[in-house]
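These are the residues of each chain, in order.
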Amino acid sequence: MDYEMVQLEEKSVVGLKIRTSNHNPNLGREVGGLWQEFLEAGVYQSIPHKQNDRTIGL
């Protein structure tokens, strides 16, 4: 695999958060629940000044 170093402009990140680990047996349920809350509770729609319609998980 080849890698390339790039310089990116500063970005703002908004949304919901949880703290977990890959060793957590409830990881899938917790992360899935967070996505469900994000989408169903209208969090995405309430974010002002969106630059595009893309959503990512970090």
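Residues numbered from 1 in each chain as written. Predicted model: local features only at pLDDT ≥ 70, side-chain atom pairs only at ≥ 80, totals over all residues. Heavy atoms only, no water.

**Side note on the overall build of the protein chain**
Helix and strand counts for the protein chain stand at two helices and zero strands. Compactness check: the protein chain gives a C-alpha radius of gyration of 15 Å against a globular reference of 10 Å for 58 residues, more than 25% above the reference. The principal-axis extents of the C-alpha atoms in the protein chain amount to approximately 35 × 35 × 15 Å. Taking all 58 residues of the protein chain together, 10% fall into the buried category. Split by element, the accessible area of the protein chain, about 6100 Å² in all, is 51% carbon and sulfur. Taking the average location of the 6 positive side-chain charges in the protein chain and that of its 8 negative ones, the two points are 6 Å from each other. (Helix = DSSP H or I, 4+ residues; strand = E, 2+ residues; numbered from the N terminus. Rg over C-alpha atoms; globule rule 2.2 N^0.38 Å. Buried < 20%, exposed > 50% of the residue type's maximum accessible area, 1.4 Å probe, protein only. Areas by Shrake-Rupley, 256 points an atom, 1.4 Å probe, with all protein chains shown as cover. Lys, Arg positive; Asp, Glu negative; His and termini not counted. Charge placed at Lys NZ, Arg CZ, Asp CG, Glu CD.)

**As for the packing of aromatic side chains**
Tallied over the full model, the rule gives two aromatic pairs. Summarising the aromatic geometry, the rings of F38 and Y44 are spaced 6.2 Å apart at their centres and angled 65 degrees between planes, so their arrangement reads as edge-to-face. Accessibility classification places F38 together with Y44 in one group, the buried group. Members of the aromatic cluster, connected to one another through ring pairs, are W35, F38 and Y44. Positioned above the aromatic ring of Y44, the side-chain terminus of K50 is 4.8 Å from the ring centre. (Phe/Tyr/Trp six-rings, centres within 6.5 Å; stacked < 30°, edge-to-face > 60°. Lys NZ or Arg CZ within 6 Å of the ring centre and 35° of its normal.)

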